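# Observations on chain architecture
For reference, the chains in residue letters:
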Amino acid sequence: MTYRKSFLSTTEYPLKELELISQELPVRSTLSVMDASNGHPESNITDHFSSLNFMKKEVHRLRDAVKQEREKYADISVQQVGDSVQPIPVTSPLYTFKSRKTLKSQSKIMCFDWSPDQRHIIAGGQNGSAYIWDGFTNQKELTIYTACQYVLACAYSPSTTLAVCGGLNRKCHIYSLNGGDSKNTISKPQKEIAVHDDYITNCTFFSSDQQLLTAGADRKIALWDLEREDPVQEFKGHSEIVMGLALNRSDPFSNFASCSSDQSVCLWDARSGKCVRRIYGPKVDINQVKFFPNGDALAYVTNDGNGGYYLLDMMTILSELGTL
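Here is a short report on the structure shown in this document.

### Describing the side chain of Ser-157
With respect to the helices and strands, the residue Ser-157 is situated in the loop between strand E5 (151-156) and strand E6 (162-167). Setting aside residues up to four positions removed in sequence, Ser-157 forms contacts with Pro-116, Leu-162, Phe-205 and Asp-209.

### Thoughts on the sheet that holds strand E13 (residues 233-236)
What the four strands build is an open sheet, ordered E10-E11-E12-E13; its pairing is antiparallel. Strand pairing shows two members of the sheet lacking a second neighbour, strand E10 (200-205) and E13, which therefore form its edges. Adjacent strand axes in the sheet meet at a mean angle of 15 degrees when their direction is disregarded. In this structure, strand E11 (residues 211-216) lies alongside strand E12 (residues 220-225), joined through five bridges in antiparallel fashion. Among the inter-strand pairings, Leu-213 is bridged to a residue of E12, identified as Leu-223.

### Focus: the pattern of salt bridges
One pass over the structure, following the stated rule, counts seven salt bridges. For Lys-72, the salt bridge goes to Glu-69, with nearest N and O atoms at 3.3 Å. With a gap of three residues between them, Lys-72 and Glu-69 both fall in helix H2 (residues 41-72), about one helical turn apart. With a relative accessible area of 63%, Lys-72 lands in the exposed category. Taking the shortest distance from any N to any O, the salt bridge between Lys-171 and Glu-192 comes out at 3.6 Å. Of this pair, Lys-171 sits in the loop between E6 and strand E7 (172-176) while Glu-192 is found in strand E9 (residues 191-193), placing the two residues 21 residues apart along the sequence. Lys-171 gets classed as partly exposed once you look at its relative accessible area, which sits at 32%. Of the residues examined, Glu-192 reaches a relative accessible area of 44% and is grouped as partly exposed.

### What to know about the packing of aromatic side chains
A complete count under the given rule lists five aromatic pairs for this structure. When the centroid spacing of 6.2 Å and the interplanar angle of 80 degrees are considered together, the rings of Phe-206 and Phe-256 count as edge-to-face. Taken together, the positions of Phe-206 in the loop between E10 and E11 and Phe-256 in strand E15 (residues 255-260) put the pair 50 residues apart, joining distant regions of the chain. Both residues of the pair, Phe-206 and Phe-256, belong to the buried class. Here Phe-235 and Phe-256 contribute two aromatic rings whose centre-to-centre distance is 5.0 Å and whose plane-to-plane angle is 90 degrees, an arrangement assigned as edge-to-face. Remark: Phe-256 occurs in strand E15 and Phe-235 occurs in strand E13; sequence separation between them is 21 residues. Exposure remark for Phe-235: the relative accessible area of 1% places this residue in the buried category. Cluster of aromatic residues (ring-pair linked, three or more members): Phe-206, Phe-235, Phe-256 and Trp-268.

### Some remarks on the pairing of E11
For E11, the buried fraction is high: five of the six residues fall into the buried class. Pairing of E10 with E11 involves five bridges; the strand directions are antiparallel. Bridged to Cys-203 within E11 is Thr-214. Between E10 and E11, which pair antiparallel and follow one another directly, the connecting turn spans five residues, one of which, Ser-207, has a positive phi of 70 degrees. A loop of three residues connects E11 with E12, the two strands running antiparallel in sequence, and Arg-219 in this loop sits at a positive phi of about 75 degrees.

### Thoughts on the environment of Gln-233
Mapped onto the elements, Gln-233 comes out in strand E13. Between the C-alpha atoms of Gln-233 and Leu-213, which are 20 residues apart in sequence, the distance is 9.6 Å. The contacts of Gln-233, once residues within four sequence positions are left out, are Ile-221, Ala-222, Leu-223, Ala-270, Arg-271, Ser-272 and Gly-273. Of the polar contacts made by the side chain of Gln-233, one reaches the backbone oxygen of Arg-271; its length is 3.2 Å.

Procedures and definitions
Residues numbered from 1 in each chain as written. Predicted model: local features only at pLDDT ≥ 70, side-chain atom pairs only at ≥ 80, totals over all residues. Heavy atoms only, no water. Helix = DSSP H or I, 4+ residues; strand = E, 2+ residues; numbered from the N terminus. Contact = heavy atoms within 4.5 Å. Pairing = 2+ DSSP bridges. Axes fitted to C-alpha atoms, helices over the stretch in contact; angles between N-to-C directions. Salt bridge = Lys/Arg side-chain N within 4 Å of Asp/Glu carboxyl O. Buried < 20%, exposed > 50% of the residue type's maximum accessible area, 1.4 Å probe, protein only. Phe/Tyr/Trp six-rings, centres within 6.5 Å; stacked < 30°, edge-to-face > 60°. Polar contact = N/O pair within 3.5 Å; in protein donor to acceptor, adjacent residues only side chain to side chain.

Below is the structure:
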């Protein structure tokens, strides 16, 4: 068995090379075992498993070697780099905002979400209705009369053909946005799903139109398939109300973040249902959390008007999860 000489001495695409080698090793070992055993089935099976175990150990050894090689170049931490950057003054023009449009509703707005088409907005009101606005023309295009007394969460689907609303009735209602009547109103949901033990605080489509991620005041987070009545996965780890959910747009199929009144932020593995990182903020409720666009950082805001910024070493996290 031979490896490329430059594999451990270079940092260019080491994990990709490791993955290719790990995929090829079992095939090569099977061929060599068949040749050496002269076609006897019993010896083939025994030798195959012993060779496979050896190859697994070899892959782990190579992974550790790559990690050690990477650590040689880690002469400064990300925190030190961040501390060396000069802060932008508050008087900078970057912080000068001007209102372009004002979208008015008949009731207080409790939540909203941008459409993936970057033009339309859905907003949930205190009167139990949700509204679809055209952000360019300032026109209200559609009114959704939900079964919730208060709409506390709403979201667009990735295809922009569906919208979900949830609130005090502990359910999420999915509406088809192509089914409005002559008065541009919708009152009948296409589907009801996501029953929590208390009111729903957040809901969002998870990577497709078929999966829904919800959070509630019952301290639970659940992943749902729209074709099933029971959740696909439940995420338990918060001890108080779950206040916010955030999808990692750079990796929307495997991880997301949540924040809670228990003063913590959790980074979840969607496949195992485990909290892989817990970040504790100040001794106040954390109201909302969001990923940086490239997925390398988290920002959160707290109940005392302050916020926080946390850098994530996603390479280390994904390596620990076994995805690298």
